[in-house]
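Residue-level structure breakdown
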Amino acid sequence: MPNRNVTSPPEFVPDAALDAGANPRRHVVALLYDGLCTFEFGIVAEVFGLPRPEMEDDWYSFGTASVEAGPLRATGGIRVECSRGLDALVGADTVVVPGWRGMDEPVPEQLASAIADAYAAGSRLVSICSGAYVLAAAGLLDGRRAATHWRYAEDIQRKYPSCRIELDRLYVDEDNIYTSAGSSAGIDVCLHIVRNDFGPEIANRVARRLVMHAHRQGGQAQFIDQPVPLEYEANRLSDTIDFARAHLDKRHTVASLADRAHMSARTFQRRFAALVGMPVGQWLVQERLARASDLLQSSDSSLAAISSAVGFSNISGLQYHFRKAYGVSPGEYRKRFASV
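An account of the accompanying structure is given in this report. Everything numeric here is computed off the predicted structure, so don't read it as measured data. Residue positions are given per chain, counting from 1 as you read along its sequence in written order. Whole-chain, interface and lining totals are the exception, using all residues; otherwise, since this is a predicted model, local features are given only for residues with pLDDT of at least 70 and side-chain atom pairs are given and counted only at 80 or more. No hydrogens and no water enter the side-chain calculation; it runs on all heavy atoms of the structure.

**Describing the environment of leucine 141**
The way it works is that DSSP assigns letters per residue, a run of H or I at least four long becomes a helix, a run of E at least two long becomes a strand, and they are numbered from the N terminus. Residue placement: leucine 141 occurs in the loop between helix 3 (132-137) and strand 7 (145-146). Only protein chains enter the accessibility calculation, which uses a 1.4 Å probe. A residue is then buried if its area is under 20% of the maximum for its type, exposed if over 50%, and partly exposed in between. The exposure class of leucine 141 is buried, given its relative accessible area of 1%. Between the alpha carbons of leucine 141 and isoleucine 177 there is a distance of 8.6 Å; along the sequence they are 36 residues apart. Excluding residues within four positions of it along the chain, leucine 141 makes contact with Ala132, Leu135, Ala136, Ala146, Ser162, Cys163, Ile177 and Thr179. Every residue pair with non-hydrogen atoms within 4.5 Å of one another is taken to be in contact.

Given below as structure tokens:
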């Protein structure tokens, strides 16, 4: 069935805006396909498609490209129509693949070729969650690091053995190819792109509109299925976790936290890992770093004060763990992301 031209909703910037003087250097095109993942597409439209009046004309223009003739089916029983085909990828500054319709669904050769051509022409490529299948089918993940949802990691690694899937990353930015893990990690990678294009202040502003952190630390281990503790044990663990979070400046050990949860140290460690997805010590470091990153963004406190407030015994400890987790020093992180 041939596509029919439809008028874009007023809250989005249509393809035609390019002809009306919108910034062509930041033209974002999202891929539409039969079986469209609506949440993943919604992320892309929210970040790049909504107008930002405070930016005047210096924002992204947004369009879509359809893989097949429409109307297209989308998750949730809705239908989607698109006025343009894969030709819309030509000249796009950024092409986003918002998921894919399934791990066993082949990627059409025409689509793989169009994606590869867009990259060769200089387009920045972005995949969200299972969208990594499309980039992999185009041969663009060969020899590169990439992120995808943990459910798909083993399958992609088997089908495309030269791709290096990194399970401990929310997103990977390599060679102008951006891949993200689970669906919500698509927000993280989109904010990362905004940060690269416009700087931390604008990225923080968009993040506040989304009511989320401008930069989120952590991998996927915490989201992988874990055995669920018995309810009464989970309640005791939750109380202990809340206590530790509220008192990060204090010294915590397995023994002290196990005592607070009224468990033996061995049982506590086993149940804690089952509930949280990581050992106690690793979780404490992660929580301290997350709190430190918040303080670096939102306050002008000294590194010594922040180290003490989050439970590191000295600045060196904060710097070591921060650089290991984020790849930058606390000082550099503050320069990039501070909102004060």
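The discussion continues.
**Comments concerning the sheet that holds strand 5 (residues 94-98)**
Spatially, 2-1-5-6-10-9 is the arrangement adopted by the six strands of the open sheet, whose pairing is mixed. Single-partner strands in this sheet number two, and they are strand 2 (61-66) and strand 9 (171-174). The mean inter-strand angle of the sheet, taken between neighbouring strand axes irrespective of direction, is 15 degrees. Here strand 1 (residues 27-32) runs beside strand 5; their pairing, made up of three bridges, is parallel. Its bridge partner being in strand 5, valine 28 is matched across the sheet by threonine 94. By this definition, two strands are paired if DSSP reports at least two bridges between them. Helix axes are fitted only over the stretch in contact, all axes being lines through C-alpha atoms; the angle between N-to-C directions runs from 0 to 180 degrees.

**Notes on the packing of aromatic side chains**
The description of an aromatic ring pair uses the distance of the two centres, along with the angle that the planes make with each other. Within 6.5 Å between ring centres, the rings of Phe, Tyr and Trp (the latter by its six-membered ring) count as paired, and their orientation is classed by plane angle as stacked under 30 degrees, edge-to-face over 60, tilted in between. Across all of its chains, the model carries 12 aromatic pairs by this definition. Pairing tyrosine 33 with tryptophan 100 gives two aromatic rings, centres 5.0 Å apart and planes at 50 degrees, and the pair type is tilted. With tyrosine 33 in the loop between strand 1 and helix 1 (38-49) and tryptophan 100 in the loop between strand 5 and helix 2 (109-120), this pair connects stretches of sequence that are 67 residues apart. For the pair shown, tyrosine 33 and tryptophan 100 are each scored as buried. The interplanar angle of 15 degrees and the centroid separation of 4.4 Å between the aromatic rings of phenylalanine 322 and tyrosine 326 together place this pair among those described as stacked. You can see phenylalanine 322 and its partner tyrosine 326 sitting in helix 12 (residues 315-326), four residues apart, about one turn around the helix. For tyrosine 326, a relative accessible area of 16% translates into the label buried. Every member of this aromatic cluster is reached through a ring pair, and the members are Phe48, Trp59, Tyr60 and Phe198.

**Some points on the environment of proline 98**
Relative to the helices and strands, proline 98 resides in strand 5. Linking proline 98 and isoleucine 128, residues 30 residues apart in sequence, is a C-alpha distance of 5.1 Å. Setting aside residues no more than four positions away along its own chain, proline 98 makes contact with Leu31, Tyr33, Leu36, Cys37, Glu40, Phe41, Val44 and Ile128.

**Points about the pattern of salt bridges**
Between Lys or Arg on one side and Asp or Glu on the other, a salt bridge is scored when a side-chain nitrogen of the former is within 4 Å of a carboxyl oxygen of the latter. In the structure shown here, the tally under the stated rule is 15 salt bridges. Arginine 84 is the salt-bridge partner of aspartate 87, the closest N and O atoms lying 3.1 Å from each other. Arginine 158 is the salt-bridge partner of aspartate 155, the closest N and O atoms lying 2.7 Å from each other. With a gap of three residues between them, aspartate 155 and arginine 158 both fall in helix 4 (residues 150-159), about one helical turn apart. For aspartate 155, a relative accessible area of 10% translates into the label buried. What makes arginine 158 exposed here is its relative accessible area of 59%.

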